[in-house]
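Below are the chains, spelled out letter by letter.
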Amino acid sequence: MTLPVQPDRFLADLHKLRSFGASGTGKGVVRRAYTPADLDARDWLAEQIAAAGLTPHFDEMGNLFGLAEGPSLLMGSHSDSQPEGGWLDGALGVIAALEVARAAKEAGGPAVSMVSFQDEEGRFGVTTGSAVWSGHMSQEAADRLTDTDGVTLAEARAVLGDRVAGPVEQGRFTGFMEMHIEQGPWLDAEGDRIGVVSDIVGIRSMMITFEGEQNHAGTTPMHLRKDAFQAMVTFAGRLNERFRNVVTPSTVWTNGHVTLHPNATSVVPGKVTFSMQWRDAETDRLGRMETIIRDTAREVAEETGMAVDFGDMLWLDPVAMDGRLKGALADAAEAVAPGKWREMPSGALHDATNVAQHMPVAMLFVPSIGGISHDFAEDTAEEDLVTGLKVLAGAVARLG
Ligand code: HGY
Ligand code: MN
Ligand code: MN
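It should be emphasised that the depicted structure is a prediction, and the values quoted were computed from it without experimental measurement.

Visitor: Just to check I follow, could you spell out the overall build of the protein for this structure?
Guide: Helix and strand content of the protein: twelve helices and 17 strands. Against the globule reference of 21 Å for 400 residues, the protein gives a C-alpha radius of gyration of 22 Å, in line with a compact fold. The principal-axis extent of the C-alpha atoms belonging to the protein is close to 75 × 45 × 40 Å. Considering only contacts within the protein whose residues lie at least 6 apart along the sequence, 78% involve residues at least 24 apart. Split by element, the accessible area of the protein, about 16,300 Å² in all, is 50% carbon and sulfur. Here the protein holds 33 positive side-chain charges and 56 negative ones, and the gap between their average locations is 1 Å.

Visitor: Would you mind going over the nonpolar core with me for this structure?
Guide: Where a protein is soluble and globular, its nonpolar side chains tend to be buried together. Core analysis: the largest hydrophobic core is formed by 56 residues, its most contacted members being Phe 10 and Met 177. With eleven residues, helix H3 (residues 91–106) is the largest single contributor of residues to this core. Grouped together as the second largest cluster of nonpolar side chains are 23 residues, Val 246, Phe 274, Trp 278 and Ala 297 included.

Visitor: What am I meant to see in the coordination of the manganese ion (ligand 3) here?
Guide: The textbook angles at a metal center are 109.5 degrees for a tetrahedron of four donors and 90 or 180 degrees for an octahedron of six. For the manganese ion (ligand 3), the full set of protein donor atoms is Asp 89 (OD), Glu 121 (OE), Glu 121 (OE) and His 374 (NE2), at a range of 2.1 to 2.4 Å. Within one chain, the residues serving as donors to the manganese ion (ligand 3) are arranged as D-x31-E-x252-H. For the pair the manganese ion (ligand 3) and the manganese ion (ligand 2), the metal-to-metal distance amounts to 3.5 Å, and Asp 89 bridges them. Of this pair, Glu 121 sits in the loop between strand S4 (112–117) and helix H4 (128–134) while His 374 sits in the loop between strand S17 (361–366) and helix H12 (382–399); the two residues are 253 residues apart in sequence, bridging distant segments of the chain.

Visitor: What am I meant to see in the environment of Leu 45 here?
Guide: Relative to the helices and strands, Leu 45 resides in helix H2 (residues 36–51). Taking the C-alpha atoms as reference, Leu 45 lies 8.9 Å from Ile 95; in sequence the two are 50 residues apart. Here Leu 45 is in contact with Leu 64, Val 94, Ile 95, Leu 98 and Ser 116, once residues within four sequence places are set aside.

Visitor: Just to check I follow, could you spell out the site of ligand 1 for this structure?
Guide: Inspection of the region around ligand 1 gives Glu 120, Glu 121, Arg 279, Ala 348, Leu 349 and His 374 as its neighbouring residues. Within the side chain of His 374, a nitrogen or oxygen atom sits 3.1 Å from an oxygen atom of ligand 1.

Visitor: So what exactly am I meant to see when it comes to the packing of aromatic side chains here?
Guide: Two numbers describe a pair of aromatic rings. These are the distance of the centres and the angle of the planes. Per the counting criterion, the structure on display carries twelve aromatic pairs. Taken together, a centroid distance of 5.8 Å and an interplanar angle of 40° make the contact between Phe 20 and Trp 44 tilted. You can see Phe 20 sitting in the loop between helix H1 (7–18) and H2 and its partner Trp 44 sitting in helix H2, a full 24 residues away along the chain. Given the relative accessible area of 15%, Phe 20 is considered buried. Here the aromatic rings of Phe 117 and Trp 133 are separated by 5.8 Å at their centres, their planes lie at 45°, and the arrangement is tilted. Placement of the pair is Phe 117 in strand S4 and Trp 133 in helix H4, with a sequence separation of 16 residues. Comparing Phe 117 with Trp 133, the two get one shared label, buried. Following the ring pairs from residue to residue traces out a cluster consisting of Phe 65, Phe 117, Trp 133, Phe 173 and Phe 176. When the ring centre of Trp 87 is taken as origin, the NZ or CZ atom of Arg 18, which lies over that ring, is 5.9 Å away. The ring of Phe 310 carries Arg 294 above its face, with NZ or CZ at 5.0 Å from the centroid.

Visitor: Can you help me understand the environment of Val 361 in this one?
Guide: By secondary structure assignment, the location of Val 361 is in strand S17. Of the residues examined, Val 361 reaches a relative accessible area of 2% and is grouped as buried. In the structure, Val 361 is positioned 184 residues away from Met 177 in sequence and 5.7 Å away in space, judged by C-alpha atoms. When near neighbours in sequence (up to four residues on either side) are disregarded, Val 361 contacts Phe 176, Met 321, Asp 322, Leu 325, Ala 352, Val 355 and Ala 356.

Calculation criteria
Residues numbered from 1 in each chain as written. Chains lettered and ligands numbered in written order. Predicted model: local features only at pLDDT ≥ 70, side-chain atom pairs only at ≥ 80, totals over all residues. Heavy atoms only, no water. Helix = DSSP H or I, 4+ residues; strand = E, 2+ residues; numbered from the N terminus. Rg over C-alpha atoms; globule rule 2.2 N^0.38 Å. Contact = heavy atoms within 4.5 Å. Areas by Shrake-Rupley, 256 points an atom, 1.4 Å probe, with all protein chains shown as cover. Lys, Arg positive; Asp, Glu negative; His and termini not counted. Charge placed at Lys NZ, Arg CZ, Asp CG, Glu CD. Core = buried A, V, L, I, M, F, W, Y, C linked by side-chain atoms within 4.5 Å. Buried < 20%, exposed > 50% of the residue type's maximum accessible area, 1.4 Å probe, protein only. Donors = N, O, S within 2.8 Å, 3.2 Å for Na, K, Ca; no water. Near = heavy atom within 4 Å. Polar contact = N/O pair within 3.5 Å; in protein donor to acceptor, adjacent residues only side chain to side chain. Phe/Tyr/Trp six-rings, centres within 6.5 Å; stacked < 30°, edge-to-face > 60°. Lys NZ or Arg CZ within 6 Å of the ring centre and 35° of its normal.

Following this line, the structure appears as C-alpha cells:
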C-alpha cells in the first residue's frame, strides 16, 4: 500500500506557512509562541485541517491538533520559531503531517491525526506545549514561567481566547512520528538524504545570577570591585576546564542569554543573570555536570564576595525511539533512498521526547544545508524535503 501524498501541495503549504512572520531576511521567520504571527499561522493551519476532513482542536496551551476519528497515529511538530528562526524548524514536521493525514484521509485510511505543539522553542520553557500536554509539567507550573521580558505564560496564552476547546486524551493515539530537519552537519556533509533517529539527547537548563556591587566605573579601584560580569566570565572559563574530564565530544553546554545590570558603559555591573544549558545522551553525565556547575558558581561567588542564586532547573531526560516505528521508517528510507540513509542520534530536542511518556515515538531527519539552524539562513533542498515526505508516508503505509 502507498499513500498518495502530493509533493506540490506539501511544498505550497510549507511556503504559505513561511509567510506568517516572514523575516524579510532570506527564508527566515519570526514566529514566537503566542505572538500575532504565531496565532495567524495556527488559525490558517486550523482551516487547512478542517479542509482535509480532520477536526481542528486547540487545547489550553494552544497546541493545535487535527483529529481523525477513532484510534489514530499522531504526527507533527511545532510551528512557533526561535527569535531569529528558520522556515523549516518545526514547520516541516507540521506540514508533512498535514499532507500525510490529508492523503490518508483521501485514500480511506489509515487514520492519521496531526499536531502543531506550542512553544517548542522555549519562549517560556523547554518544549513547553508538549511538556504540559504530556504531564511532564503542570499547567500551573508552566503558567508561572516568564519570557525574557518578564511576561508570564499565563498572560501570553490568554490571547487564545475562545479558540480553546479543552484537553485532548493521549490514549486516543497509537504512536507519534515527527519529521524534522537535522539541524546539524552530518547528512549534508556526508551525502545521506535521510536520518532515522535512534535517540534524543537529554537537557538541563537554568538561570544563574551573580549579585555583586554596582559602582562608578571611573573611581572604583579594580581590587575593590564586585563586578558581576567578571564573575560570569570567570565561572564560564573555569567550567570549561572542569568539564574536560567529564564530557564526551557530543556533550554541549551554552550560555545563550545574558542580562547585565544596569548594562551601562560607565557603571561596574552589580548583577548578571544568564542561562546555563547543557545536553548529553546520558542522564548520569547530566547529573555530574550539574554538580560541577553549582560547585563552580558557589566557589566563584565566595572568592569574589558575591551572592549567587540558581533558578528552577528545567529538564528532559534522553529518550530512545520505538523499535517498531523506527523499523518502519528505516524500511521506507531504504525503499525511497536506497543506501542513502543512516541511523543517528538527535542532538536537538524535540516534542517527541515528551510524547514518548505516553506512546511509542520515532523521528526522521532530512539534511540541513551547511548544518545551519536557529538562524534565518536555515534551509534544505526541496528535493530532500520531498524525499522525507515520501519516507514518512511510506512508514505510515507500512504500519497500516
Ligand atoms: O533547542 C532545541 O533543541 C529545540 O530546537 N528547541
Ligand atoms: Mn524544532
Ligand atoms: Mn528549534
